[in-house]
Amino acid sequence: MRITAVAGGVGGARFLRGLKEHLAASPDPELRGAQVTAVVNTGDDATMHGLRITPDLDTVMYTLGGAVHEEQGWGLRDESRVVSSELAAYGTGPGWFTLGDRDLGTHVFRTQMLREGLPLSRVVERLCERWQPGLRLLPMSDQPVETHVHLADGRTVHFQEWWVRLRASVPATGFEQVGLEAATPAPGVLEALADADAVLLPPSNPVVSVGTVLGLAGGHPGAPLGLPGAREALRDGGAPVVGVSPVLGGRVVRGMADACLAALGVPATALGVGELHADLLDAWLVDDAADGDLDGTTLRGAAPGCGRVLARPLLMSDRAAAAALAGAALETALAVGRPGSRPTRSPA
Ligand code: FO1
């Protein structure tokens, strides 16, 4: 059993931890032995103080490795900030982006390996030898990609500056993934998307995380184009695809994804986000509050092809809730099955 998820940072990491716990507790030996691959967005990556930082990969690695700062959602627990304060005392920036001392160890080691010529995917493997996330962690690409944000006031800033320093308070008009057009998928990425028994889209940021890997349907100006070949691998490969809406109770669950959707003129609703992947989805999980928008098993007003829409409790309030959500998404995908294969399970 091969399961692939396309993930961003905190939402993707918590969903994947839930998936791992759901699988470990399963009475079905096939599920207990499933190979999980996470294809992770690298468009948030940045170079700071000469060090290469890969926030989404690290968030998934630390969360699944049991070392994440749980309340914060990113970074390591039991952190200190001595080096960051020393750098601030020298007046060297960016002061708005804090790197913990323990976390800095990861960035120094990663940067050293990259300088020695190791591709990012090999570097990630090496880091995972320590953190043991219990799944195959793949960067979407070995080539550097950086999201730049075009702002309504005319400036263009790195995604981290918009997200962390400005807290997305200045409206964006579009996103540019520098390096993405020329980037190639990292080894194993296309196969993981095409050949899986189930592909899951966790409730990650639909624009700058999932959108950077898979692109978006609908030709929205300013939208990410997606990693070359990824959307096609998923669409043509025949793996059943189930997505989880990041919109819950009419609001994005976490972070400021609504500011990303607003930049593209996409409403921050379960329907609005679902339509960004209408050509890919076999099923789209929305929360119980969006039930009113359901017309049978389709979303009222949704474009044809959006797949079945099922209402499920989406709030990952704790690890048990995240495991239940991941289990519901997986069961739904397995009920769809690969084309030509009989569904292995009855619909959830
Ligand atoms: N997020 C913050 O809000 N403030 C920070 O200072 C910050 C530092 C940071 C360092 C390493 C890392 O891996 C992540 C970090 N994040 C920080 C989180 C992160 O940059 C963003 O939340 C994501 O890129 C959005 O997915």
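So, here's what we can say about the structure. Owing to the predicted nature of the structure, the values given are computational and were not obtained by experimental measurement. (Residues numbered from 1 in each chain as written. Predicted model: local features only at pLDDT ≥ 70, side-chain atom pairs only at ≥ 80, totals over all residues. Heavy atoms only, no water.)

With that settled, consider the packing of helix 3 (residues 55-64) against helix 5 (residues 101-115). Closest axis-to-axis distance for the helix 3/helix 5 pair is 12 Å, and the angle between their directions is 125 degrees. As judged from the angle between their axes, helix 3 and helix 5 are oblique. Our pair here, helix 3 against helix 5, has a crossing hand that is right-handed. Where helix 3 abuts helix 5, its residues D58, M61 and Y62 lie against D103, T106, H107 and R110. Looking at the contact of helix 3 with helix 5 residue by residue, the classes come out as two nonpolar, two polar and three charged. (Axes fitted to C-alpha atoms, helices over the stretch in contact; angles between N-to-C directions. Helix = DSSP H or I, 4+ residues; strand = E, 2+ residues; numbered from the N terminus. Parallel < 35°, antiparallel > 145°, perpendicular 65-115°, else oblique. Left-handed = near helix turned anticlockwise from the far one by under 90°. Contact = heavy atoms within 4.5 Å. Nonpolar A, V, L, I, M, F, W, Y, C, P; charged D, E, K, R; others polar.)

Considering all chains together, one arrives at 13 salt bridges under this definition. Note that E146 and R52 form a salt bridge whose closest N and O atoms lie 2.7 Å from each other. Linking E146 in strand 6 (residues 146-151) with R52 in strand 4 (residues 51-53), this pair joins segments that are 94 residues apart in sequence. No difference in accessibility class separates E146 from R52, as the two residues are buried. The shortest N-O distance in the salt bridge between E161 and R165 comes to 2.7 Å. Separated by four residues within a single helix, E161 and R165 lie in helix 7 (residues 159-165), roughly one turn from each other. (Salt bridge = Lys/Arg side-chain N within 4 Å of Asp/Glu carboxyl O. Buried < 20%, exposed > 50% of the residue type's maximum accessible area, 1.4 Å probe, protein only.)

A few words on the pairing of strand 9 (residues 198-201). Look at any regular strand and the pattern is simple: side chains alternate between the two faces of the sheet. Alternating positions in strand 9 separate into two faces, A198 and L200 on one and V199 and L201 on the other, with burial throughout. Alignment of strand 1 (residues 2-7) against strand 9, held across three bridges, turns out to be parallel. Note that in strand 9 the partner of I3 across the bridge is A198. Judged from the three bridges that link them, strand 9 and strand 10 (residues 241-244) form a sheet pairing that is parallel. Its bridge partner lying in strand 10, L201 is registered against G243. (Pairing = 2+ DSSP bridges.)

Here we come to the layout of surface pockets. Size it by volume and the largest pocket reaches roughly 970 Å³. The wall of the largest pocket is formed by 47 residues, among which G9, V10, W74, W163 and R254 lie closest to the centre. Where the lining of the largest pocket is concerned, the elements lending two or more residues are helix 1 (10-24), helix 3, helix 5 and helix 7. Element by element, the count of residues in the lining of the largest pocket is highest for helix 3, at five residues. Put simply, the parts of the chain that give the lining of the second largest pocket at least two residues each are helix 6 (120-131) and strand 5 (136-139). Taken together, the residues that form the lining of the second largest pocket break down as seven nonpolar, four polar and five charged. (1 Å grid on protein atoms, 1.4 Å probe; cavity = no way out; pocket = protein on both sides within 12 Å on 5 of 7 lines; lining within 4 Å. Points joined across faces, edges and corners; volume = space filled by probe spheres on them.)

With that settled, the discussion passes to the packing of helix 5 against helix 6. Packing of helix 5 against helix 6 brings their axes to within 10 Å, and their N-to-C directions diverge by 140 degrees. Along this stretch, helix 5 crosses helix 6, giving a crossing that reads as right-handed. Of helix 6, the residues touching helix 5 (which contributes R102, T106, F109, R110, M113 and L114) are L120, V123, R126, L127, R130 and W131. Classifying every residue of the contact of helix 5 with helix 6 by side-chain character gives seven nonpolar, one polar and four charged.

For helix 13 (residues 319-336), spanning 18 residues, the distance from its first C-alpha to its last is 26 Å, which sits close to the expected 26 Å at 1.5 Å a residue. Burial analysis of helix 13 places 13 of its 18 residues in the buried class, which makes it a mostly covered element. Measuring from the side-chain oxygen of the N-cap residue of helix 13 to the backbone nitrogen of A320 gives 3.2 Å; that N-cap residue is D318. (Expected span 1.5 Å × (residues − 1). Polar contact = N/O pair within 3.5 Å; in protein donor to acceptor, adjacent residues only side chain to side chain.)

This brings us to the pairing of strand 1. Taking burial as the measure, the six residues of strand 1 include five buried ones, the bulk of the element. Relative to strand 2 (residues 35-40), strand 1 runs parallel, the two sharing six bridges. Bridging across to strand 2, I3 finds its partner in V36.

Let us now look at empty space enclosed by the protein. Enumeration over the complete set of coordinates arrives at two cavities of 30 Å³ or more. Roughly 60 Å³ of volume is contained in the largest cavity. Along its surface, the largest cavity is lined by L201, P202, P203, S204, P206, V210, V244, P246, V273, H277 and W284. Grouping the constituent residues of the lining of the largest cavity by class yields nine nonpolar, two polar and no charged. By volume, the second largest cavity amounts to about 30 Å³.

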